[in-house]
Amino acid sequence: MKTSVPKKANRFPLFVHKGRQYWCKTVLGKHHYFGKVADDPKGKEAMKLWLYEKDWLLAGLEPPPYDPDGELNISVKFVCNRFMESKEAQLEAGNLSQRTYDELLGTCKFLMETIPAQLESKLLVPAHFSKLLKAINT
């Protein structure tokens, strides 16, 4: 299947991964995919996704889920995972004890069991924290 690369291909930051037929970009030695070429032959949507994720990927971080409307959708799980990644780096550097790391991990798990892990952080309301406080006190 022949794919049409957008005009000014020398400026277009994505390439077509030949085996998968996805728009692709190699960042920090890892392939990242931005949708099927068949669904987006000119790469317009792939380019939007790349621009959304670019700063996160270049910083070596996992980007939050993409919303085509441009809103940042950060879930409770996403926040907990990023927090624990930073603590894991501190643990590996010797700046955090295993015991403290384990306690923080347990706290994040407790949080995600009490407040729905997939809940977007922008939807948190005082009732969620009341529920969390109640769970802590029982």
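For the structure itself, look to the data block above.
Residues numbered from 1 in each chain as written. Predicted model: local features only at pLDDT ≥ 70, side-chain atom pairs only at ≥ 80, totals over all residues. Heavy atoms only, no water.

Colleague: Please explain the overall build of the protein as it appears in this structure.
Modeller: Along its length, the protein carries four helices and three strands. Listed N to C, the secondary structure of the protein is β-β-β-α-α-α-α in terms of helices and strands. Out of the 138 residues in the protein, the part that is buried amounts to 29%. Long-range pairs, those at least 24 residues apart, make up 32% of the contacts in the protein with a sequence separation of at least 6. In the form shown here, the protein has an accessible surface area of approximately 9600 Å², with 56% of it arising from carbon and sulfur atoms. (Helix = DSSP H or I, 4+ residues; strand = E, 2+ residues; numbered from the N terminus. Buried < 20%, exposed > 50% of the residue type's maximum accessible area, 1.4 Å probe, protein only. Contact = heavy atoms within 4.5 Å. Areas by Shrake-Rupley, 256 points an atom, 1.4 Å probe, with all protein chains shown as cover.)

Colleague: Would you explain the side chain of Lys87 in this entry?
Modeller: Topologically, Lys87 is positioned in helix H2 (residues 76-92). For the buried Lys87, which has no salt bridge, the nearest side chain bearing the opposite charge is Glu103, at an N-O separation of 12 Å. Only 3.1 Å separates the side chain of Lys87 from the side chain of Gln90, close enough to count as a polar contact. In contact with Lys87, not counting residues within four places along its chain, are Leu96, Tyr101 and Leu104. (Lys, Arg positive; Asp, Glu negative; His and termini not counted. Salt bridge = Lys/Arg side-chain N within 4 Å of Asp/Glu carboxyl O. Polar contact = N/O pair within 3.5 Å; in protein donor to acceptor, adjacent residues only side chain to side chain.)

Colleague: What am I meant to see in the packing of aromatic side chains here?
Modeller: Aromatic ring pairs are described here by two measures, namely the spacing of the ring centres and the angle between the planes. Scanning the model with the defined rule gives three aromatic pairs in all. Judged by centre distance (5.3 Å) and plane angle (70°), the rings of Phe12 and Trp23 are edge-to-face. In this pair, Phe12 is assigned in the segment before strand S1 (15-17) and Trp23 in strand S2 (residues 22-27), connecting sequence segments eleven residues apart. For Phe12, a relative accessible area of 15% gives the class buried. Given the relative accessible area of 0%, Trp23 is considered buried. Here Arg20 stacks its cationic end above the ring of Tyr33, 4.5 Å away from the centre of that ring. (Phe/Tyr/Trp six-rings, centres within 6.5 Å; stacked < 30°, edge-to-face > 60°. Lys NZ or Arg CZ within 6 Å of the ring centre and 35° of its normal.)

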